[in-house]
Amino acid sequence: MTSVERQLAVPVDAAEIPALRRRITAVLIAGQILGGLGVATGIALATVLAKQVSGTESLSGLAPTATVTGTAVLSVPLAALMTARGRRPGLVLAYLIGASGAGVVVVAACVGSFPLLLLGMAGFGAASSANLQARFAAADLAEPQRRARAISNVVWATTIGAVLGPNIAAPAGRSVSGLGIPEAAGPFLWAAGVFLLSALLVAVLLRPDPLLTARALAPVEEQSAQARSIRAGFAAVAASPRARLALVTVAVSHTAMVSIMSMTPVDLGHHGASIDLIGLVISGHIAGMYAFSPLMGRLSGIGLAVGLLACAALLAGTAGGSHGQIAAGLFVLGLGWSSGLVSGSALLTDSVPQAARAAAQGVSDLTMNTAAGLGGATAGLVVAQASYGWLNLLAACLLVPLGGLALFTRRRGRSRR
């Protein structure tokens with residue numbers, strides 16, 4: 001271990017590990033609730049604010065795209081910081097950048113600068129990166145057979161913030177009307193405060209650092225700094241068939257989900273759905289993503305993820321004007337995403353050396369968010385040029401190579417054994 005790590009790490013007796021796991025999980029869950037609340041509160045009116053600032057509806061979709069881009073771009077440097085100094089500094093910095101980004105969004109709304117708004121939304125995406133990285137922090141000290149459950153429990157905590165956030169966005173907007181701040185920017189001011197609270201919570205209570213503690217308990221040969229570089233993370237993923245499968249699983253699941261979900265409100269609108277109904281459908285989708293993640297942690301499997309995502313594409317893609325069928329498809333889509341994220345994240349953690357895990361996990365988040373950003377941008381073109389049904393068919397086609405790779409990797413592993 002480096003001299004910095006020796007200063008940050010706290011000696012832990014093996015008998016203390018179970019209690020430490022529970023305490024760290026509780027802190028991560030609390031941080032995830034706050035972080036999810038901040039992200040959901042701000043993002044609820046992001047497109048509305050972008051339309052007001054830009055003056056055109058055609059540019060409003062760039063606001064969430066900037067957020068996804070920021071999440072992807074920041075994932076690698078944050079992973080490098082966590083690799084060098086532990087989870088706590090990385091999570092704290094991510095929330096602070098998210099708070100700063102939210103503040104820039106408020107300033108951009110006040111001065112009417114659309115480029116500044118996009119810059120703020122990119123910084124805002126750092127909070128999403130922190131929420132994603134928190135699931136890996138839960139797995140640092142988890143027993144191998146319980147890593148999927150540990151990840152799913154932290155993912156589940158996002159449900160609370162994701163459900164509450166959109167519901168308090170309107171009151172948050174009205175609360176700043178007397179300050180000369182546009183109402184659509186109000187949720188971002190509240191989100192900045194929530195992110196600061198999240199940073200404080202993690203900085204004070206996430207001790208000892210789970211990653212550094214796990215590293216201190218690892219074999220001596222896995223404690224060299226060279227084995228923990230970002231380059232080593234890329235190399236570890238490239239060298240392990242199971243790690244490559246995990247990376248593809250997370251990327252495909254996230255891309256399929258974002259592509260279908262982003263265009264569902266448009267398709268519902270074309271078939272006469274009200275704004276309230278669209279909100280209910282998206283709420284059901286979010287419930288499928290997060291509320292059942294503990295169950296997905298117990299049932300986690302790549303085959304289950306492929307099956308659920310394929311079923312979702314079939315339901316949504318053939319729904320036509322059936323609002324009930326498309327709602328069912330979006331709910332199943334959320335379940336498939338949850339299964340893919342949990343199983344892929346657990347498999348990735350299991351498949352690379354302990355020293356390279358933080359770096360490999362950063363590579364995973366970079367890949368999944370980049371792929372999803374491209375998928376979301378392409379989805380609009382597919383619907384405009386073809387139809388929503390074709391979009392679901394193309395999303396289902398992404399599952400074919402994933403299923404084939406899963407079968408090939410499993411057979412290869414069996415033949416080696």
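Residues numbered from 1 in each chain as written. Predicted model: local features only at pLDDT ≥ 70, side-chain atom pairs only at ≥ 80, totals over all residues. Heavy atoms only, no water.

J.: How should I be thinking about the side chain of Asn-392 in this particular structure?
T.: Structurally, Asn-392 can be placed in helix 17 (residues 388-416). For Asn-392, a relative accessible area of 2% corresponds to the buried category. (Helix = DSSP H or I, 4+ residues; strand = E, 2+ residues; numbered from the N terminus. Buried < 20%, exposed > 50% of the residue type's maximum accessible area, 1.4 Å probe, protein only.)

J.: Even after reading the chapter, I still don't get helix 8 (residues 186-205), so can you show me in this structure?
T.: Taking 1.5 Å as the rise per residue, helix 8 with 20 residues should run 28 Å; its terminal C-alpha atoms sit 29 Å apart, in good agreement. Residues Gly-186, Pro-187, Phe-188, Ala-191, Ala-192, Val-194, Phe-195, Ser-198, Ala-199, Leu-201 and Val-202 constitute the buried set of helix 8. On the buried face of helix 8, the contacting elements are helix 2 (17-43), helix 3 (46-54), helix 5 (87-111), helix 6 (114-139) and helix 7 (147-174). (Expected span 1.5 Å × (residues − 1). Contact = heavy atoms within 4.5 Å.)

J.: Would you mind showing me how to read the side chain of Arg-147 here?
T.: By the secondary structure assignment, Arg-147 is in helix 7. Setting aside residues no more than four positions away along its own chain, Arg-147 makes contact with Ala-139, Ala-142, Ala-346, Thr-349, Asp-350 and Arg-357.

J.: Sorry if this is basic, but what is going on with the pattern of salt bridges here?
T.: For side chains bearing opposite charge, pairing can occur when the charged atoms are close. Overall, the coordinates contain four salt bridges when judged by the stated rule. Arg-146 is the salt-bridge partner of Glu-143, the closest N and O atoms lying 3.6 Å from each other. When its relative accessible area of 43% is taken as the criterion, Arg-146 is described as partly exposed. Salt-bridge contacts for Arg-147 lead to Asp-350; the nearest nitrogen and oxygen are separated by 2.3 Å. One end of the pair, Arg-147, is in helix 7; the other, Asp-350, is in helix 15 (residues 323-351), with 203 residues separating them in the sequence. (Salt bridge = Lys/Arg side-chain N within 4 Å of Asp/Glu carboxyl O.)

J.: Just checking my understanding: could you explain the packing of helix 5 against helix 8 for this structure?
T.: Helix-helix packing: each pair is described by the crossing angle between the helix axes and the interaxial distance. Where helix 5 contacts helix 8, the axes come no closer than 8 Å and their chain directions differ by 165°. Accordingly, the angle class assigned to the pair helix 5 and helix 8 is roughly antiparallel. Crossing angle aside, the handedness with which helix 5 passes helix 8 is left-handed. Every residue of helix 8 that contacts helix 5 at Arg-88, Leu-91, Val-92, Tyr-95, Leu-96, Gly-98, Ala-99, Ala-102, Val-105 and Val-106 is listed here: Phe-188, Leu-189, Ala-192, Phe-195, Leu-196, Ser-198, Ala-199, Val-202 and Ala-203. Considering only residue class, the contact of helix 5 with helix 8 consists of 16 nonpolar, two polar and one charged. (Axes fitted to C-alpha atoms, helices over the stretch in contact; angles between N-to-C directions. Parallel < 35°, antiparallel > 145°, perpendicular 65-115°, else oblique. Left-handed = near helix turned anticlockwise from the far one by under 90°. Nonpolar A, V, L, I, M, F, W, Y, C, P; charged D, E, K, R; others polar.)

J.: Just checking my understanding: could you explain helix 10 (residues 230-239) for this structure?
T.: Residues spaced three or four apart along an α-helix face the same direction, because each turn holds 3.6 residues. For helix 10, the complete set of buried residues consists of Ala-232, Gly-233, Ala-236 and Val-237. Seen along its axis, helix 10 keeps its buried residues to an arc of 135°; they face one direction. Away from its buried face by more than 90 degrees, helix 10 exposes Arg-231, Ala-238 and Ala-239. Lining the buried residues of helix 10 we find helix 11 (241-270), helix 15 and helix 16 (357-385). (Arc of directions from axis to C-beta.)

J.: Looking at this structure, how should I read the packing of aromatic side chains?
T.: Two numbers describe a pair of aromatic rings. These are the distance of the centres and the angle of the planes. Applying the stated rule across the entire model yields five aromatic pairs. Considering the side-chain rings of Phe-124 and Phe-188, the 5.3 Å spacing of their centres and the 65° angle between planes classify their relative orientation as edge-to-face. Separated by 64 residues along the polypeptide, Phe-124 in helix 6 and Phe-188 in helix 8 bring together distant segments of the chain. You can call Phe-124 buried: its relative accessible area is 0%. With a centroid separation of 5.5 Å and 55° between ring planes, the pair formed by Phe-124 and Phe-195 is classed as tilted. Of this pair, Phe-124 sits in helix 6 while Phe-195 is found in helix 8, placing the two residues 71 residues apart along the sequence. Here the aromatic residues Tyr-95, Phe-124, Phe-188 and Phe-195 are joined through ring pairs into a cluster of three or more. (Phe/Tyr/Trp six-rings, centres within 6.5 Å; stacked < 30°, edge-to-face > 60°.)

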